[in-house]
Amino acid sequence: MSVDATEVAIVGAGPAGLVLSHLLAARGIDCVVLEQRSREYVEHRVRAGVLEEPSVSLLRSLGLAGRLDREGLAHRGIQLAFDGRRHRIDFVELTGRSITVYGQQEVVKDLIVASSAEIVFDAVGVMPCAIDTDRPSVQYRHGDESHELRCRIVAGCDGSYGVCGPLIPHRTTTEHTYPFAWLGILAEAAPTQDELVYARHDRGFALYSMRSPAITRLYLQVAPDEQLAGWSDDRIWTELSTRLPLDDGFVLNTGPIIDRGITALRSSVSTPMRHGNLLIAGDAAHIVPPTGAKGMNLAIADATVMAAVIDEALHQHRPERLVDYGPACLGRVWRTQHFSHRMTTMLHRFDDDPFRRELQRAELLNLTSSVPAATDLAEQYVGLPFPTLEPL
Ligand code: FAD
Ligand code: DHB
């Protein structure tokens, strides 16, 4: 058994764990990141693609936005489509702020390459121990060797199926599942729009997005138990061209599909977000449905609060400050849950209930004809301010 020591052991090299590692490094706090997958795997896992303005500002302030600023696509707004017509919500006009389209795996690559912390990829059997003492540790295996990483705090950033969340005793999960999933594709096809199009259609929701001037990202609402095998390329393109409001100005370029996957939609929040010296962030603590692109941004927001409480606990000798972590995050987490739920229920086909369909139309009409309603959506879409700790 090899024994090492650090101040913070971070479990998981997703957006939450990697951003936390940079925030800690900026405060002079030593950490090690333990990731069960290979570097190749985490750098190529296709997921979210929209960065809120506060996330971009944070990455810039950490000096991590060089490539993001060069290659990210700045979007002034989004389009909402219903009854075959598109309507713009102009974020810059309504809020003075914008969003950036940049793949989650690109963020992950940038955070890994610039990391000063040790990141152990391919860590097997990662398990935090003694979290309710002041000498916690994390055990894992790497290659043929068993390791113990002694630390003062364990940061559980290991996603929705990680090992850290279940270690919190008396954990309560409030959740909601939706009767549909998303089929997402990446295609080698030049986008023809410079904004995302969220389309409500009687056959189901569709989303037009992109990753670069050469790659389009597209999503379709499908049944919750849908199998990829049932979706030939032809079927995907036909369904997309039916659901998206194509017209003279909106052409759907097709091309080779280079990635495809199905993701179930759910909302969940688990509390508390801390037990002893274990703190949980990102998907390990809460899941939002993807409509509105909040998952990665929420993970980054948690990391900012976690870094602040860890700094106070370790460097200002106020371990009692750890108690404030979850409560400081949860207000924004629930507001974001509400936003993601609202976007989801407004845009997806639920059943053939005509009453619900008319309510969806009414909400979309309201959003696209009332400046205060559009401003409310725009403010939430570009990103609520990150939470801050109450001063002592
Ligand atoms: P993750 O990114 O999940 O990172 C957790 C890390 O921990 C992973 O690298 C994992 O390998 C590692 N890990 C897990 N268990 C262990 C362990 N026991 N030991 C060591 N390491 C471990 N959001 C959107 O906004 N739009 C989307 O289109 C979208 N699509 C998604 C598609 C899928 C398939 C999934 C799963 C999520 C999607 N999301 C999307 C959500 C968004 O990607 C997440 O909210 C975001 O990744 C959360 O970041 P995180 O760091 O908390 O967790
Ligand atoms: C993307 C994903 C989303 O969930 C969303 O609401 C907008 C864009 C994307 O992957 O590009």
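Residues numbered from 1 in each chain as written. Chains lettered and ligands numbered in written order. Predicted model: local features only at pLDDT ≥ 70, side-chain atom pairs only at ≥ 80, totals over all residues. Heavy atoms only, no water.

Asks: What am I meant to see in the site of ligand 1 here?
Replies: Contacts to ligand 1 come from 31 residues, most closely from Ala16, Glu35, Arg45, Gln104 and Asp283. Within the side chain of Glu35, an N or O atom sits 2.6 Å from an oxygen atom of ligand 1. Contacts to ligand 1 include Tyr219, whose side-chain N or O atom sits 2.9 Å from an oxygen atom. Burial of ligand 1 by the protein chains amounts to 87% of its free accessible area of 990 Å². (Near = heavy atom within 4 Å. Polar contact = N/O pair within 3.5 Å; in protein donor to acceptor, adjacent residues only side chain to side chain. Areas by Shrake-Rupley, 256 points an atom, 1.4 Å probe, with all protein chains shown as cover.)

Asks: Just to check I follow, could you spell out the packing of helix 10 (residues 354–369) against helix 11 (residues 371–382) for this structure?
Replies: Packed helices, taken two at a time, are described by their axes: the angle between them and the distance between them. Taken N-terminus to C-terminus, the directions of helix 10 and helix 11 make an angle of 95°; their axes are 5 Å apart at the nearest point. Between helix 10 and helix 11, the crossing angle belongs to the class labelled roughly perpendicular. Seen from helix 10, the contacting residues are Asn366, Leu367 and Ser369; seen from helix 11, they are Val371, Ala373, Ala374 and Leu377. Looking at the contact of helix 10 with helix 11 residue by residue, the classes come out as 5 nonpolar, 2 polar and no charged. (Axes fitted to C-alpha atoms, helices over the stretch in contact; angles between N-to-C directions. Helix = DSSP H or I, 4+ residues; strand = E, 2+ residues; numbered from the N terminus. Parallel < 35°, antiparallel > 145°, perpendicular 65-115°, else oblique. Contact = heavy atoms within 4.5 Å. Nonpolar A, V, L, I, M, F, W, Y, C, P; charged D, E, K, R; others polar.)

Asks: Sorry, what's going on with the pairing of strand 2 (residues 8–11) here?
Replies: Looking down a regular strand, the side chains alternate between one sheet face and the other. Alternating residues of strand 2 divide into Val8 and Ile10 and Ala9 and Val11, and every residue in both groups is buried. Across 4 bridges, the pairing between strand 2 and strand 3 (residues 31–34) is parallel. For Val11, the partnering residue across the bridge sits in strand 3 and is Leu34. Chirality of the crossover, the property in question, places the unit of strand 2, helix 1 (residues 15–26) and strand 3 among those that are right-handed. Both strand 2 and strand 13 (residues 153–156) contribute to a ladder of 4 bridges, which runs parallel. Pairing of Ile10 across the sheet is with Ala155, part of strand 13. (Buried < 20%, exposed > 50% of the residue type's maximum accessible area, 1.4 Å probe, protein only. Pairing = 2+ DSSP bridges. Right-handed = clockwise from strand over helix to strand, strands pointing away.)

Asks: Is there a simple way to explain the site of ligand 2 in this structure?
Replies: Among the 15 residues in the neighbourhood of ligand 2, the closest are listed as Tyr198, Ser209, Arg211, Tyr219 and Pro290. A distance of 2.6 Å separates an oxygen atom of ligand 2 from a polar atom in the side chain of Arg211. Separating an oxygen atom of ligand 2 from a backbone N or O atom of Gly292 is a distance of 3.0 Å. Notes on ligand 2: free accessible area 290 Å², of which the protein chains cover 98%. Contributing elements (two or more residues each) for the shell around ligand 2: strand 15 (196–199), strand 16 (206–212) and strand 17 (215–222).

Asks: Quick question: what am I supposed to make of the pattern of salt bridges here?
Replies: Think of it this way: side chains of opposite charge can pair up when their charged atoms draw near. Throughout the structure, instances matching the rule amount to 27 salt bridges. We note a salt bridge from Asp90 to Arg76, for which the minimum N-O separation is 3.6 Å. Within this pair, whereas Asp90 is found in strand 7 (residues 85–90), its partner Arg76 is found in the loop between strand 5 (73–75) and strand 6 (77–82), the two being separated by 14 residues in sequence. What makes Asp90 buried here is its relative accessible area of 9%. Residues joined by salt bridges that share partners form a network here, namely Arg67, Glu71, Glu106, Lys109 and Asp110. (Salt bridge = Lys/Arg side-chain N within 4 Å of Asp/Glu carboxyl O.)

Asks: Help me out: how do you make sense of the side chain of Ser2 in this one?
Replies: Its location among the elements puts Ser2 in strand 1 (residues 2–5). Polar side-chain contacts of Ser2 include one of 3.0 Å to the side chain of His147. Beyond its immediate chain neighbours, meaning those up to four positions away, Ser2 contacts Glu145, Ser146, His147 and Glu148.

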